Amino acid sequence: MSTKGKSIHALVILMFTQFISGGVTNTKGIVLDQVEKDLGLDMSQFGLVVFIFQLGFTLASVLIGYYTDKKGLRIMTVIGSIVMGIGFLGTGFAPNITFFLGFYMIVGFGLGSLGVASNAIIPSAYPDKQNRMFNLAMGVYGLGMVVFPQFLNFLFQFASWRYFYIGIAASLIAVIIYVTSTNFPDGRAEKIDIKAFIPMLKDAQFVFLMVFLMLEVSAEVSFMNFFPSYLKGLDLGGMSTADKEAMVAGILSLFSVFFMIGRLGVAYLTNWINERIILIVFSIGSVVMIGISFLFANDFPWLFAGAGFFFSTLFPTGTAFGTSISKAGGSALGLIYIAAGIGGGIAGYIVGIASEMFGKTGGFSVVLIFLALMTLTTFFMDTNKSNQAK
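Treat the numbers as computed from the prediction; the structure is a model and nothing was measured. (Residues numbered from 1 in each chain as written. Predicted model: local features only at pLDDT ≥ 70, side-chain atom pairs only at ≥ 80, totals over all residues. Heavy atoms only, no water.)

Q: What's the story with the layout of surface pockets in this structure? I'm lost.
A: Rolled over the atoms, a probe as big as a water molecule pinpoints where empty space is left. Estimates place the volume of the second largest pocket at around 180 Å³. Gln34, Asn153, Ala242, Glu245 and Ala246 are, among the 15 residues lining the second largest pocket, the residues nearest its centre. Sorting the residues of the lining of the second largest pocket by element identifies helix 1 (3–39), helix 5 (130–155), helix 8 (204–232) and helix 9 (241–269) as the ones contributing at least two each. The element that contributes the greatest number of residues to the lining of the second largest pocket is helix 9, accounting for 5 residues. Residue composition of the lining of the second largest pocket, grouped by class: 9 nonpolar, 3 polar and 3 charged. (1 Å grid on protein atoms, 1.4 Å probe; cavity = no way out; pocket = protein on both sides within 12 Å on 5 of 7 lines; lining within 4 Å. Points joined across faces, edges and corners; volume = space filled by probe spheres on them. Helix = DSSP H or I, 4+ residues; strand = E, 2+ residues; numbered from the N terminus. Nonpolar A, V, L, I, M, F, W, Y, C, P; charged D, E, K, R; others polar.)

Written out as structure tokens, the structure reads:
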């Protein structure tokens, strides 16, 4: 088959996996809120679920990146789909919290696996159009973030969360059949060299970046996972539970729209404004936006959606900051994903414990602490002060 044919097949898989990944990532909190009622999940266990998911995701980012470099894109896309399918099928049928926790880590591992594979597809299939295709993939990921909350709000009116996860598992069978029956590109992930971690960890600027990303992902993961429970715990003028669930779906969808607008817009701004300025401005914007939203949560809960614009560029701009001060791009990304995974996992557990001790509002307010510390970190970040050899 022609190179063009291979590229089309790769594009189909890329768009599907990005759509699913965006949707699942943005609706974990909505689903876990349903699981909380179904399996008797308390808030500390809720936090443990988030930790378990992030642990699986982080392990996949490192291990699957290594094996994709060794074994190739086709086989690792299939393996990632199988693992993710097993995870979703297991969580969908989980009879208790123990089974749910075990399979939810597998879901995280599978989602991370497909993420690594997806990132390897574009350089392989579209070497001359990478920027355009990454933007397209980002747009489809955002589309999944917008569509899934509305779909789940509709689904949960007559069906269990279990059908949602089982349905995703079934859809991944189609991915496996498609990848194994077509002429797929033999791409490789960018190699990770563990030895390259040493000069990065000796560079204060890279350490500041890791702290920044740990806090940023902590805030983002905490928001996405605990916002549904937090909002439903508010009075909101005596609003019914069903109306609150519809509002949560609407706010998360609008959050995702702002998220997409922010990412696409700032992608062009980086041509004229350096990364440090963007990180400082958007970090300040995120803490101010969330702070104002907290103050007016009962009267204007839709304000929370505006945080999507400020969150949107923090991780990709921080990633660009890290790769710009390192000669080993693949290793820098590996270390970045490890830091992000640690931050997201620990944060979920912290917020879960805080919610159990101080109530859902008290727990959710920890997001503000993460954002304030993150903003403080940006003032210490400066690529010109990096001591890594160029």
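Q: Could you clarify how one ought to interpret unusual backbone geometry in this entry?
A: Working note: non-glycine residues mostly have negative phi, and peptide bonds are mostly trans. Positive phi outside glycine occurs at Leu236, with the angle close to 50°. Along the polypeptide, Leu236 turns up in the loop between helix 8 and helix 9. We classify Leu236 as buried; its relative accessible area is 8%. (Buried < 20%, exposed > 50% of the residue type's maximum accessible area, 1.4 Å probe, protein only.)

Q: Can you walk me through a nonpolar patch on the surface in this structure?
A: Together, Ile284, Val288, Ile292, Leu295, Phe296, Phe300, Leu303, Ile369, Leu373, Leu376, Phe379 and Phe380 make up a nonpolar patch on the protein surface, roughly 1,100 Å² of accessible area in all. For the nonpolar patch, the secondary-structure elements that each account for two or more residues are helix 10 (275–295) and helix 14 (366–378). Broken down by element, the residue count for the nonpolar patch peaks at 4 residues, all from helix 10. Within the secondary structure, Phe296 sits in the loop between helix 10 and helix 11 (307–312). Residue Phe296 is classed as partly exposed on the basis of its relative accessible area of 39%. (Patch = residues over 30% accessible without salt bridge, like charges linked within 9 Å, V, L, I, M, F, W, Y side chains within 5 Å. Areas by Shrake-Rupley, 256 points an atom, 1.4 Å probe, with all protein chains shown as cover. Salt bridge = Lys/Arg side-chain N within 4 Å of Asp/Glu carboxyl O.)

Q: Looking at this structure, how should I read the confidence of the model for the protein chain?
A: Low-pLDDT stretches of the model should not have their predicted coordinates read in fine detail. Considering every residue of the protein chain, the mean pLDDT works out to 82; 85% of them sit at 70 or more. Predicted confidence in the protein chain is weakest over helix 7 (residues 197–201), with a mean pLDDT of 74, and strongest over helix 14, with 95. (pLDDT = per-residue confidence, 0-100.)

Q: Just checking my understanding: could you explain the nonpolar core for this structure?
A: A general tendency of soluble globular proteins is for nonpolar side chains to be buried together. Ranked by size, the top nonpolar core spans 104 residues in total, and within it Phe100, Phe206, Phe223, Phe227, Phe304 and Phe364 carry the most contacts. It is helix 8 that provides the largest number of residues to this core, a total of 15 residues. Leaving out residues up to four positions away in the same chain, Phe223 has contacts with Leu252, Phe255, Ile290, Phe304, Phe311, Phe364 and Val367. (Core = buried A, V, L, I, M, F, W, Y, C linked by side-chain atoms within 4.5 Å. Contact = heavy atoms within 4.5 Å.)

Q: Whenever I open this one, the packing of aromatic side chains confuses me. Can you help?
A: Any two aromatic rings considered together are summarised by their centre-to-centre distance and by the angle between their planes. The tally for this structure, following the rule as stated, stands at 33 aromatic pairs. Between Phe151 and Phe164 the ring centres are 6.5 Å apart and the planes differ by 50°, which places this aromatic pair in the tilted class. With a gap of 13 residues between them, Phe151 in helix 5 and Phe164 in helix 6 (residues 161–181) connect regions that are remote in the sequence. Overall, the relative accessible area of 41% leaves Phe151 in the partly exposed class. Overall, Phe164 belongs to the buried group, its relative accessible area being 5%. On the basis of an interplanar angle of 55° and a centroid distance of 6.0 Å, the ring pair of Phe282 and Phe310 is categorised as tilted. Separated by 28 residues along the polypeptide, Phe282 in helix 10 and Phe310 in helix 11 bring together distant segments of the chain. (Phe/Tyr/Trp six-rings, centres within 6.5 Å; stacked < 30°, edge-to-face > 60°.)

Q: How should I be thinking about the pattern of salt bridges in this particular structure?
A: Side-chain pairs of opposite charge can arise whenever the charged atoms involved come near each other. The tally for this structure, following the rule as stated, stands at 5 salt bridges. A salt bridge links Lys232 to Asp33; the nearest nitrogen and oxygen atoms lie 2.3 Å apart. A residue pair is termed long-range when its members are at least 10 positions apart, and Lys232 in helix 8 and Asp33 in helix 1 qualify at 199 residues. By relative accessible area, which is 16% here, Lys232 ends up buried. Asp33 gets classed as buried once you look at its relative accessible area, which sits at 6%. One connected set of salt bridges, linked through shared partners, spans Asp33, Lys37, Lys232 and Glu245.

Q: Got a minute to help me understand empty space enclosed by the protein in this structure?
A: Applying the stated criterion across every chain, the model contains 1 cavity of 30 Å³ or more. Taken together, Met138, Tyr141, Gly142, Phe259, Met260 and Arg263 form the lining of the largest cavity. The set of elements that each furnish at least two residues to the lining of the largest cavity consists of helix 5 and helix 9. Of the residues that constitute the lining of the largest cavity, the class distribution is 4 nonpolar, 1 polar and 1 charged.

Q: Sorry, what's going on with helix 6 here?
A: Helical geometry note: an α-helix holds 3.6 residues per turn, so side chains three or four residues apart project in the same direction. The end-to-end C-alpha distance of helix 6 is 32 Å, a good match for the 30 Å that 21 residues give at a rise of 1.5 Å each. Within the span of helix 6, buried status applies to Trp161, Arg162, Phe164, Tyr165, Ile168, Ala169, Leu172, Val175 and Val179. What you see down the axis of helix 6 is that its buried residues fit within an arc of 160°, all on one side. Of the exposed residues in helix 6, those oriented more than 90 degrees away from the buried face are Tyr163, Ile173, Ile177 and Ser181. (Expected span 1.5 Å × (residues − 1). Arc of directions from axis to C-beta.)

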